[in-house]
Structures are given as C-alpha cells and as structure tokens.
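What follows is each chain in one-letter form.
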Amino acid sequence: MSDPALPDRLSVNPESPYYDAALLERGVGIRFKGVEKTNVEEYCVSEGWVRLSAGKTLDRAGNPMTVKLKGPVEPYLRDAADDE
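The text that follows walks through the structure, step by step, so that each part is easy to find. (Residues numbered from 1 in each chain as written. Predicted model: local features only at pLDDT ≥ 70, side-chain atom pairs only at ≥ 80, totals over all residues. Heavy atoms only, no water.)

**As for the sheet that holds strand β2 (residues 28-32)**
Thinking step 1. Taken in spatial order, the three strands of this open sheet run β3-β2-β7, and their pairing is antiparallel. Across the chains shown, the open sheet's two edge strands, defined by having one partner strand only, are β3 (35-37) and β7 (73-77). Recorded for the sheet is a direction-independent mean angle of 35° between the axes of neighbouring strands.
Thinking step 2. For β2 and β7, the ladder comprises five bridges, and the chain directions are antiparallel. Directly across from Val28, in β7, lies its bridge partner Leu77. (Pairing = 2+ DSSP bridges. Helix = DSSP H or I, 4+ residues; strand = E, 2+ residues; numbered from the N terminus. Axes fitted to C-alpha atoms, helices over the stretch in contact; angles between N-to-C directions.)

**Overview of the side chain of Ser16**
Thinking step 1. Mapped onto the fold, Ser16 is located in the loop between β1 (9-11) and α1 (21-26).
Thinking step 2. Of the polar contacts made by the side chain of Ser16, one reaches the backbone nitrogen of Tyr18; its length is 3.1 Å. (Polar contact = N/O pair within 3.5 Å; in protein donor to acceptor, adjacent residues only side chain to side chain.)

**Side note on the sheet that holds strand β6 (residues 64-70)**
Thinking step 1. Judged by pairing direction, the sheet is antiparallel, and its four strands sit side by side in the order β1-β4-β5-β6 without closing on themselves. Taken across any chain shown, the strands that pair with only one partner, and hence form the sheet edges, are β1 and β6. Between one strand axis and the next, the sheet turns by 20° as a mean value, whatever way the strands run.
Thinking step 2. Both β1 and strand β4 (residues 40-44) contribute to a ladder of three bridges, which runs antiparallel. Bridge assignment links Leu10 to a residue of β4, and that residue is Tyr43.

**Focus: the packing of aromatic side chains**
For any two aromatic rings, the description comes down to two numbers: the centre-to-centre distance and the angle of the planes.
Thinking step 1. In total, this model carries zero aromatic pairs according to the counting rule given.
Thinking step 2. It is Arg31 that lies over the ring of Tyr76; its NZ or CZ is 4.2 Å from the centre.
Thinking step 3. A cation over a ring is seen here: Lys68 above Trp49, with NZ or CZ 4.6 Å from the ring centre. (Phe/Tyr/Trp six-rings, centres within 6.5 Å; stacked < 30°, edge-to-face > 60°. Lys NZ or Arg CZ within 6 Å of the ring centre and 35° of its normal.)

**Description of the pattern of salt bridges**
Thinking step 1. Per the counting criterion, the structure on display carries three salt bridges.
Thinking step 2. With its nearest N and O atoms 3.0 Å apart, the salt bridge here joins Glu42 to Arg9. Taken together, the residues Glu42 in strand β4 and Arg9 in strand β1 connect sequence positions 33 residues apart.
Thinking step 3. Between Glu74 and Arg31 there is a salt bridge whose closest N-O contact spans 3.9 Å. (Salt bridge = Lys/Arg side-chain N within 4 Å of Asp/Glu carboxyl O.)

So far we have only geometry, and geometry alone does not tell us how the molecule works.
Shown next as structure tokens:
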C-alpha cells in the first residue's frame, strides 16, 4: 500500500513541477506490477504509469531517454520499509 505522506506524482528531474528534493532525500521506492524498480524517473499513482530510464542513453538536451509503462504503481518510503 502507498504511504499517505507520498504525493500522487513525483519526478527526479529538478526542472519538473513534481520534483521534491526533501522527499527524494528520504528515499522513495517504487513497486511497479509488484516488482521493485530502481530506474524510475517519474511516477503517477492515479493514472497508473511510470517513466523508466532506458539505459544510459541521453536525448539532445542531455536528459535520460525514458519509456512510459502503464500498470499498478506502489510508492513507499525506503526508511519505513527498512524498519519492518
């Protein structure tokens, strides 16, 4: 289950309006379709999608190339998961 303190949408890109540095420092983990993902660039729980980085490839602006996948998204705080 997702933590109520976590936002519906979060991005690791500082230029995004969904970026939250304090929350990212705490450590946010993502389960997508029940599998732990470590290469998530952005997620949206209500719309049910994640953007995953596609290797080390960059676009013309120097941003990572991403792939958008749809399915159930479960964000959680990593420090809370370590306590369990």
